[in-house]
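Structure assessment
Each chain, letter by letter, is given below.
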Amino acid sequence: MTMRKQKRFGLDIDGTVTDPATFLPYLNEQFQKTLTLEDITDYDLTKSLGITSEEFWKWMEQHEQTIYKQAKKADGVDQVLEEWKQEHELIYITARASHLEEITKNWFEQQNLPFHHIELVGKHDKIEAIRTHEIDIFFEDKHDNAVAIAETFAIPVILMDTPYNRLPTPANVVRINHWTEARPGSMNGLNVRASKEKGFHFQLYFLKNGKRPECFRSFLRVVNAFWDEKCNNRFRR
Ligand SMILES: [Mg+2]
């Protein structure tokens, strides 16, 4: 008998599982810039590059396959995903277009990164895909996506901190600086544990550098309330 995995983890790919600076060397070369990640304070790269979005997308179409094939993974991501895959389902939901499926899957295999499913939605709006897959927690680097997901589904959303997403967020969006902060079973991490005896009570420990961040209490309260409500509804039916 196959046991259903405990939680469905939804993950963005670019800038979340891949290094957020992946595109920069290519863009610098093409547009003769010397930009570093710290210079990218807006998700829309055309502003930093001083080019039109037509120019950008034309360039993107010509180069994206090469860049995705050669992308570096985000520092520390492999260890965390490897630990999670035992207990949880890993479902990647990306804005990449469907013709990039093979390149994307090959990349995961080459990088030795675990996946249960990869959904290429071809647009930034991931709401429907998250609904369809009944995602329990989402990982994202794009600020407006993180906020929309958090508000629509009232699930915890982990926002991978980058210079281009430093804007205010609702309480159920938690910003982390490095994947090690999301390590399960680690005192420096996010530990998601579901226990059937407690009616899928959801416990989440979130500790930064061994200390509770200021947002911890309110965040934990919010998360517990969401999960209690969800679980109670499920059992009442
Ligand atoms: Mg992304």
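Every value quoted in this text rests on a predicted model; they were computed, and no experiment measured them.

With respect to helix H3 (residues 53-70)
Taking 1.5 Å per residue, 18 residues should reach 26 Å; H3 reaches 24 Å between its end C-alpha atoms and fits that length. The axis of H3 is deflected most strongly, by about 55°, at His63.

Observations regarding the pairing of strand S3 (residues 117-120)
Here strand S2 (residues 89-94) runs beside S3; their pairing, made up of four bridges, is parallel. Paired with Ile91 across the strands is His117, a residue of S3. The parallel pair S2 and S3 is bridged by helix H5 (residues 101-110), and the resulting crossover is right-handed.

Some words on the confidence of the model for the protein
Here the protein averages 81 in pLDDT, while 75% of its residues score no lower than 70. For residues 185-219, every residue scores under 50 in pLDDT, and the model assigns this stretch 52 contacts once sequence neighbours within four places are set aside. Scored below 50 in pLDDT, residues 230-237 shows three contacts in the model against residues more than four places distant or in partner chains.

A few points about the sheet that holds strand S4 (residues 137-140)
One open sheet accounts for six strands, arranged S3-S2-S1-S4-S5-S6; its pairing is parallel. Each edge of the open sheet is held by one strand with a lone partner, namely S3 and strand S6 (173-176). Across the sheet, the mean angle from the axis of one strand to that of its neighbour is 20°, orientation sign disregarded. Summarising the sheet, strand S5 (residues 157-160) and S6 pair through four bridges and their orientation is parallel. Each bridged residue has a counterpart across the sheet, and for Met160 the counterpart in S6 is Ile176.

Conventions adopted
Residues numbered from 1 in each chain as written. Predicted model: local features only at pLDDT ≥ 70, side-chain atom pairs only at ≥ 80, totals over all residues. Helix = DSSP H or I, 4+ residues; strand = E, 2+ residues; numbered from the N terminus. Expected span 1.5 Å × (residues − 1). Bend = angle between axes of the 7 residues up to and from the residue. Pairing = 2+ DSSP bridges. Right-handed = clockwise from strand over helix to strand, strands pointing away. pLDDT = per-residue confidence, 0-100. Contact = placed C-beta atoms within 7 Å. Axes fitted to C-alpha atoms, helices over the stretch in contact; angles between N-to-C directions.

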